[in-house]
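# What the coordinates show
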Amino acid sequence: MTYTDPHLVRTLQVILEFLGTFAFAISGIRHAAQKHFDWFGGYVCGFAVAIGGGTIRDAMLGVRPFWMSNIMYVLVTGLALFLVILSRKWIKRLDNAWFVFDTLGLALFTIAGIQKTIALGHSFWVAVIMGCITGVAGGVIRDVLLNNIPVIFHKEIYAVASVAGGLTYWTLFSLGMGLPLTVIVSFLMICIIRFVAVGYHISLPTLHDEDEKKT
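Residues numbered from 1 in each chain as written. Predicted model: local features only at pLDDT ≥ 70, side-chain atom pairs only at ≥ 80, totals over all residues. Heavy atoms only, no water.

## So, the overall build of the protein chain
Formally: Secondary structure elements follow DSSP: runs of H or I no shorter than four residues count as helices, runs of E no shorter than two count as strands, and numbering proceeds from the N terminus. Every radius of gyration here is taken over C-alpha atoms, with the globule rule written as 2.2 Å times N^0.38, N being the number of residues. Under the scheme applied here, a residue whose accessible area is under 20% of the maximum for its type counts as buried, over 50% as exposed, and between as partly exposed, the area being computed with a 1.4 Å probe on protein chains only. Here, residues are in contact when the closest pair of their heavy atoms is within 4.5 Å. Per-residue and other accessible areas were derived by the Shrake-Rupley procedure at a 1.4 Å probe size, with only the shown protein chains allowed to occlude residues. For the purpose of charge, His is not counted, nor are the chain termini; Lys and Arg are scored as positive and Asp and Glu as negative. For the purpose of locating charges, the reference atoms are NZ of Lys, CZ of Arg, CG of Asp and CD of Glu.
When you go through the protein chain residue by residue, the secondary structure sums to eight helices and zero strands. Against the globule reference of 17 Å for 215 residues, the protein chain gives a C-alpha radius of gyration of 17 Å, in line with a compact fold. Projecting the C-alpha coordinates of the protein chain onto the three principal axes gives extents of approximately 50 × 50 × 30 Å. When each of the 215 residues of the protein chain is scored for burial, the buried share is 47%. Considering only intrachain contacts with a sequence separation of at least 6, the fraction spanning at least 24 residues in the protein chain is 75%. Total accessible area on the protein chain stands at roughly 11,400 Å², and carbon and sulfur atoms take up 70% of it. For the protein chain, the centre of its 15 positive side-chain charges and the centre of its 12 negative side-chain charges are spaced 8 Å apart.

## Side note on the confidence of the model for the protein chain
Defined as follows: How sure the predictor is of each residue is captured by pLDDT, a score from 0 to 100.
When the pLDDT values of the protein chain are averaged, the result is 88; 92% of them are 70 or greater. Here helix 8 (residues 210-214) stands out as the element of the protein chain with the lowest mean pLDDT, 60, in contrast to helix 6 (residues 159-174), whose mean of 96 is the highest.

## Points about helix 2 (residues 39-61)
The periodicity of an α-helix, 3.6 residues per turn, causes residues three or four positions apart to be oriented the same way. To be explicit about the condition: By this rule the span expected of a helix is its residue count minus one, scaled by 1.5 Å. Throughout, bend refers to the angle between the axes fitted to the seven residues that end at a position and the seven residues that start at it. Nitrogen and oxygen atoms within 3.5 Å of one another constitute a polar contact, given that in protein one can donate a hydrogen and the other can accept it, and given that sequence-neighbouring residues count only through two side-chain atoms.
For helix 2, which comprises 23 residues, the first-to-last C-alpha distance of 33 Å matches the rise-based estimate of 33 Å (1.5 Å per residue) to within 8%. Roughly 40° is the biggest bend found in helix 2, and it falls at Ile51. Capping the start of helix 2, Asp38 holds a side-chain oxygen 3.2 Å from the backbone nitrogen of Phe40, two or three residues further along. Remark: Gly62 follows helix 2 within two positions and exhibits a positive phi of approximately 75°.

## Section: the UniProt feature "domain: Glycine transporter" (unreviewed entry) in the protein chain
This is how the line gets drawn: UniProt positions are given in the numbering used here, feature names are shortened, and annotations may be inferred rather than shown by experiment.
As recorded in UniProt, the sites labelled "domain: Glycine transporter" (unreviewed entry) are residues 15-86 and 100-172. Between the C-alpha atoms that bound residues 15-86 there is a distance of 25 Å. The span itself is 81% helix and 0% strand.

Dropping the structure here:
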């Protein structure tokens with residue numbers, strides 16, 4: 001399947017990637033601030049989060065990483081750093097706002113990853129996987145840099161929300177729904193799952209080994 005208006009797809013993809021870069025950069029810089037990184041360390045962490053998932057996706061798809069064709073992604077991360085520096089006095093009070101930015105980044109990059117994969121002619125099941133990688137890999141890189149256990153491996157519903165959004169996108173597109181509405185509904189699906197899961201402390205069951213059961 002291909003879209004009838006490739007210009008619309010490309011324009012929407014660029015918008016999603018810019019917004020996702022800003023949202024994820026803020027998330028990464030905020031976590032770096034909690035670890036008392038200096039400004040350069042915060043920028044590196046924010047940039048790694050913002051481009052990490054998309055870079056891995058593009059490398060797997062065999063294309064030039066998206067951020068290498070436009071300096072705006074570098075500048076957007078700088079803007080995110082500036083915003084976090086300005087809000088340092090309220091950084092603890094803004095925990096909910098940072099969580100929202102992280103969720104928005106997840107949703108935006110998931111959809112951008114799906115669209116780019118489809119545009120390159122891959123199957124939808126590949127697109128869903130690439131959307132998830134685009135959305136969550138940056139967070140994994142962030143947690144590794146900060147010496148934390150990656151969020152996707154414990155506690156919160158994170159990657160599952162990304163996959164659910166991808167499956168929603170697939171379903172709506174297969175039913176012939178228009179691109180803008182498909183994007184909006186998929187975006188809201190990811191955000192709602194994240195907000196509900198965190199708000200009501202919903203998580204997947206944890207694994208336990210046999211020795212732990214005996215004790």
